[in-house]
Amino acid sequence: YNRVGETAHLEGDSRRARAIMSYLGYSNHQIEIAGPDAFNYQGVGNPHKHARIQPGERVLDVGSGLGIDSFIAADQTGPDGKVVGIDISKSEVAHAQARAVQRGLDIRFAVADMESIPLPDECVDVIISNGAFCLASDKERAFAELYRVLKPGGRISVCTTTTQAEKLQKGVKW
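Because the structure is a prediction, the values reported are computed rather than measured.

Chemist: Quick question: what am I supposed to make of the overall build of the protein here?
Modeler: Helix and strand counts for the protein come out as seven helices and five strands. Counted from the first residue to the last, the protein has its helices and strands arranged as α-α-α-α-β-α-β-α-β-β-α-β. Expected size for 174 residues packed as a compact globule is a radius of gyration near 16 Å; at 16 Å, the protein falls within 12% of this value. Dimensions of the protein, computed from C-alpha atoms along their principal axes, come out at roughly 45 × 35 × 30 Å. The long-range fraction of contacts in the protein, counting pairs at least 24 apart against all pairs at least 6 apart in sequence, stands at 70%. Roughly 9500 Å² of accessible area belongs to the protein as shown, and the carbon and sulfur atoms make up 50% of that amount.

Here it is, written out as structure tokens:
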């Protein structure tokens with residue numbers, strides 16, 4: 001994943017990115033917010049469809065990658081909200097933080113593991129994640145961390161890939 005961050009400055013096919021994001025349910029407005037970063041889209045779905053992010057809310061983007069879903073979340077929270085993105089890839093975090101600064105957005109990106117989130121208890125209203133949970137080695141621990149940082153009554157919207165247990169190698173636990 002660090003290689004992805006190292007090549008994120010290379011321009012891709014924005015028409016294809018727009019088509020994929022549209023197919024996954026992103027609105028035209030959300031795709032416009034992604035703007036020139038859309039060709040770096042890495043998700044497997046659209047966590048915004050169910051997150052119902054409101055102005056002023058605090059949002060955690062778990063596995064934020066190059067920051068596209070965080071940029072969309074920041075548009076939804078407005079100037080009174082706060083978005084924090086965490087990812088295990090140093091180069092992706094560096095790219096996302098640089099792009100947030102270039103865009104004039106007050107988003108903080110940090111290198112962190114979803115199994116040990118460096119935030120206090122009950123501090124976020126909404127958690128989004130797009131494609132990261134398939135990488136968690138201990139999914140129970142990762143979800144326990146989400147619930148630890150989520151405020152009572154908060155919302156979680158996770159998009160992930162799945163596999164059928166009977167197709168896993170013996171001894172592998174998804």
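Chemist: Where do I start with the pattern of salt bridges in this structure?
Modeler: Side-chain pairs of opposite charge can arise whenever the charged atoms involved come near each other. Scanning the entire structure with this criterion turns up nine salt bridges. When the shortest N-O distance is used, the salt bridge between Asp106 and Lys82 registers 3.2 Å. Of this pair, Asp106 sits in the loop between helix 6 (90-103) and strand 3 (107-111) while Lys82 sits in strand 2 (residues 82-87), placing them 24 residues apart in sequence. With its nearest N and O atoms 2.8 Å apart, the salt bridge here joins Asp121 to Arg148. On the criterion of sequence distance, the pair formed by Asp121 in the loop between strand 3 and strand 4 (124-130) and Arg148 in helix 7 (residues 139-149) is long-range, its members being 27 residues apart. Taken together, the shared-partner salt bridges in this structure form one network comprising Asp121, Arg141, Glu145 and Arg148.

Chemist: Could you clarify how one ought to interpret helix 2 (residues 14-23) in this entry?
Modeler: An α-helical turn contains 3.6 residues, so any two residues separated by three or four positions project in the same direction. Among the residues of helix 2, the N-terminal cap falls to Asp13, whose side-chain oxygen and the backbone nitrogen of Arg15 are separated by 3.1 Å. Gly25, located one to two residues past helix 2, shows a positive phi value of around 100 degrees.

Chemist: Help me understand the environment of Gly43, please; the structure alone is not making it clear to me.
Modeler: With respect to the helices and strands, the residue Gly43 is situated in the loop between helix 3 (28-34) and helix 4 (48-51). For Gly43 and Ser137, which are 94 residues apart along the polypeptide, the C-alpha to C-alpha distance reads 19 Å.

Chemist: Any chance you could explain the sheet that holds strand 3 here in plain terms?
Modeler: For sheets, the rule is that strands pair by backbone hydrogen bonds, running either parallel or antiparallel. Strand order in the open sheet formed by five strands is 3-2-1-4-5, with parallel pairing between adjacent strands. With partners counted over all chains shown, the strands left at the sheet margins are strand 3 and strand 5 (150-159), one partner each. Averaged over all pairs of adjacent strands, the angle between their axes in this sheet comes to 20 degrees, without regard to strand direction. Bridge count between strand 1 (residues 58-62) and strand 4: four bridges; the pairing is parallel.

Chemist: Just checking my understanding: could you explain the side chain of Asp37 for this structure?
Modeler: Structurally, Asp37 is set in the loop between helix 3 and helix 4. Residues contacting Asp37, with those up to four places away along its chain left out, are Ile68, Phe71, His95, Arg99 and Arg103.

Chemist: I tried to follow helix 6 on my own but got confused; where do I start?
Modeler: Over its 14 residues, helix 6 runs 20 Å from end to end, which matches the ideal 20 Å to within 8%, given 1.5 Å per residue. By the burial criterion, the buried members of helix 6 are Ser91, Glu92, Val93, His95, Ala96, Arg99 and Ala100. Just beyond helix 6, the residue with positive phi is Gly104, at close to 75 degrees.

Chemist: Mind showing me how you'd approach the nonpolar core here?
Modeler: When a protein is soluble and globular, its nonpolar side chains tend to lie buried together. With 25 residues, the main nonpolar core has Met21, Tyr26, Ile53, Val59, Ile107, Phe109 and Ile128 as its most contacted residues. If you list the elements that add at least two residues to this core, you get helix 2, helix 3, helix 5 (68-77), helix 6, strand 3 and strand 4. With five residues, the top contributor of residues to this core is helix 5. What Val59 contacts, discounting residues up to four positions off in sequence, is Ile53, Ala73, Thr77, Lys82, Val83, Val84, Val126 and Ile128. Core analysis: the second largest hydrophobic core is formed by 19 residues, Leu60, Val62, Ala112 and Phe133 among them.

Chemist: Sorry, what's going on with the pairing of strand 1 here?
Modeler: Of all five residues that make up strand 1, four are buried, and the element is covered over most of its length. Sheet topology places strand 1 next to strand 2; five bridges connect them, and they run parallel. The residue bridging Leu60 from the neighbouring strand is Val84, located in strand 2. Regarding the hand of the β-α-β motif, the stretch spanning strand 1, helix 5 and strand 2 is right-handed.

Quick notes on the rules
- Residues numbered from 1 in each chain as written.
- Predicted model: local features only at pLDDT ≥ 70, side-chain atom pairs only at ≥ 80, totals over all residues.
- Heavy atoms only, no water.
- Helix = DSSP H or I, 4+ residues; strand = E, 2+ residues; numbered from the N terminus.
- Rg over C-alpha atoms; globule rule 2.2 N^0.38 Å.
- Contact = heavy atoms within 4.5 Å.
- Areas by Shrake-Rupley, 256 points an atom, 1.4 Å probe, with all protein chains shown as cover.
- Salt bridge = Lys/Arg side-chain N within 4 Å of Asp/Glu carboxyl O.
- Polar contact = N/O pair within 3.5 Å; in protein donor to acceptor, adjacent residues only side chain to side chain.
- Pairing = 2+ DSSP bridges.
- Axes fitted to C-alpha atoms, helices over the stretch in contact; angles between N-to-C directions.
- Expected span 1.5 Å × (residues − 1).
- Buried < 20%, exposed > 50% of the residue type's maximum accessible area, 1.4 Å probe, protein only.
- Core = buried A, V, L, I, M, F, W, Y, C linked by side-chain atoms within 4.5 Å.
- Right-handed = clockwise from strand over helix to strand, strands pointing away.

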